[in-house]
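Residue-level structure breakdown
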Amino acid sequence: MLTIKHYARPQTVPEALRLLREKKSNVALGGMLWLKLQDKTVDTAVDLAGLGLDAIEETPEGWRIGAMVTLRRLETHTGLAAFTGGAMAESVKHIVGVQFRNLATIGGSVFGRFGFSDPLTLLLALDARVELAEAGRMSLRDFAESDIRKDILTHIFIPGGKVEAVYLSQRNSATDFPTLTCAVARREGKVACAVGARPARAQRFDDEAGQLANGVNEESAAAFAETVARRAVFGSNTRASAEYRREVCRALVRRAALQLEEE
């Protein structure tokens, strides 16, 4: 059971950061969907809802997404749908249900760096960056590999320009946690792939060998998928074995790469 001793709703990011760091047991509240399932005692719960971090903005540089934007808003946002070719909606629409997505925030999913995070997989492939109150701006790739905990994620940035993206996932049943997630994106002729729910957090793999540089067809897509499946590290849990995940990876990466040509 989650026990909260004190509740605070700061109005500025610096105030929120100060409160968060006053005690080791203080935590930030985003959507609070996963936190409430934990068995722990929190001294002060720092609610981020009053910080104005719930906007989705298109800027000359790209897209600026506040950490408190809900997954449901990402799913239904027409601008992001057009920009990603529907990949953004696809990356969140299988997560539990509409009621859950109305509360869960993108900041909670990204900051948590959960292995099962669908949107983290897509954002990695899209070259996303994050902005934190103290650590500042960094690539999502670097952040995902960091151990930053006592900081506040304020925004996620997706570079603009022309991008093609495809998101696919494998689930044992609808609304279940994914067995494997996959996103493939192409920007200025360069292709990147991210694979998540390995069951560890998502990793990005660039087409460094240029296997898709001369176009995507059945042969090149299969070769790229084999390279990604060989480089990725998979583990086993109650949902799937490492061997099964590797086979699913081959299939999903190949399909996603081929779908780039259909965008």
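1. Description of the pairing of strand 3 (residues 40-47)
When you tally the buried positions in strand 3, you get 6 out of 8 residues, the bulk of the element. The pairing of strand 1 (residues 2-8) with strand 3 spans 6 bridges and is parallel. Looking at the pairing, Tyr7 lines up with Ala45 of strand 3. As paired elements, strand 2 (residues 27-29) and strand 3 share 3 bridges and run parallel to each other. Across the sheet, the residue bridging to Ala28 is Val46, located in strand 3.

2. Description of the packing of helix 9 (residues 218-231) against helix 10 (residues 242-260)
Two elements in contact, helix 9 and helix 10, have axes whose closest approach is 8 Å; the angle formed by their N-to-C orientations is 140 degrees. Here helix 9 lies oblique to helix 10, going by the angle between them. Crossing handedness for the pair helix 9 and helix 10: right-handed. Touching Glu218, Ala221, Ala222, Phe224, Ala225, Glu226, Val228, Ala229 and Arg230 of helix 9 are Arg246, Cys249, Arg250, Val253, Arg254, Ala257 and Leu258, all from helix 10.

3. Topic: the layout of surface pockets
Its boundaries defined by the atoms lining it, the largest pocket holds a volume of some 990 Å³. What lines the largest pocket is a set of 46 residues, among which Ala28, Gly108, Phe111, Gly112 and Phe114 lie closest to the centre. The set of elements that each furnish at least two residues to the lining of the largest pocket consists of strand 2, strand 3, helix 6 (106-112) and helix 7 (118-125). Among the residues forming the lining of the largest pocket, the class breakdown is 24 nonpolar, 14 polar and 8 charged. Approximately 220 Å³ is the volume attributed to the second largest pocket. If you trace the second largest pocket, you find 17 residues lining it, with Arg187, Lys190, Val191, Ala192 and Arg204 closest to the centre. For the lining of the second largest pocket, the elements supplying multiple residues, two or more each, are strand 10 (178-187), strand 11 (190-196) and strand 12 (203-206).

4. A few points about the pattern of salt bridges
Applying the stated criterion across every chain, the model contains 20 salt bridges. Here Asp206 and Arg141 are joined by a salt bridge, their closest N and O atoms 3.5 Å apart. Of the two residues, Asp206 sits in strand 12 while Arg141 sits in helix 8 (residues 140-144), which places them 65 residues apart along the sequence. Given the relative accessible area of 22%, Asp206 is considered partly exposed. Given a relative accessible area of 33%, Arg141 falls into the partly exposed group. Via salt bridges that share partners, Asp127, Arg141, Arg187, Arg204 and Asp206 belong to a single interconnected network.

5. Quick word on the environment of Glu145
Looking at where Glu145 falls in the secondary structure, it is placed in the loop between helix 8 and strand 8 (153-159). For the pair Glu145 and Arg201, spaced 56 residues apart in sequence, the C-alpha separation works out to 9.1 Å.

6. What about unusual backbone geometry?
Where the residue is not glycine, phi is negative for most of them; where a peptide bond is considered, it is trans in most cases. Cis geometry is found at the peptide bond from Arg198 to Pro199, where omega equals 15 degrees. Looking at where Pro199 falls in the secondary structure, it is placed in the loop between strand 11 and strand 12. The phi dihedral of Asp127 falls on the positive side, at around 65 degrees, and the residue is not glycine. Summarising the element assignment, Asp127 is placed in the loop between helix 7 and strand 6 (129-132). Note on Asp127: relative accessible area 30%, which makes it partly exposed.

7. Some points on the pairing of strand 10
The buried fraction of strand 10 is high, at 10 of 10 residues. Pairing geometry for strand 9 (residues 163-171) and strand 10, over 9 bridges, is antiparallel. Residue pairing in the sheet places Arg171 in a bridge with Pro178 of strand 10. Where strand 9 folds back on strand 10, the antiparallel hairpin that results is connected by 6 residues, among which Thr175 adopts a positive phi of roughly 70 degrees. With 7 bridges connecting them, strand 10 and strand 11 associate as antiparallel partners. Bridging across to strand 11, Arg186 finds its partner in Val191. Once strand 10 ends, the chain turns through 2 residues before running back antiparallel as strand 11, passing Glu188 with a positive phi of about 55 degrees.

Reading guide: rules and limits
Residues numbered from 1 in each chain as written. Predicted model: local features only at pLDDT ≥ 70, side-chain atom pairs only at ≥ 80, totals over all residues. Heavy atoms only, no water. Buried < 20%, exposed > 50% of the residue type's maximum accessible area, 1.4 Å probe, protein only. Helix = DSSP H or I, 4+ residues; strand = E, 2+ residues; numbered from the N terminus. Pairing = 2+ DSSP bridges. Axes fitted to C-alpha atoms, helices over the stretch in contact; angles between N-to-C directions. Parallel < 35°, antiparallel > 145°, perpendicular 65-115°, else oblique. Left-handed = near helix turned anticlockwise from the far one by under 90°. Contact = heavy atoms within 4.5 Å. 1 Å grid on protein atoms, 1.4 Å probe; cavity = no way out; pocket = protein on both sides within 12 Å on 5 of 7 lines; lining within 4 Å. Points joined across faces, edges and corners; volume = space filled by probe spheres on them. Nonpolar A, V, L, I, M, F, W, Y, C, P; charged D, E, K, R; others polar. Salt bridge = Lys/Arg side-chain N within 4 Å of Asp/Glu carboxyl O.

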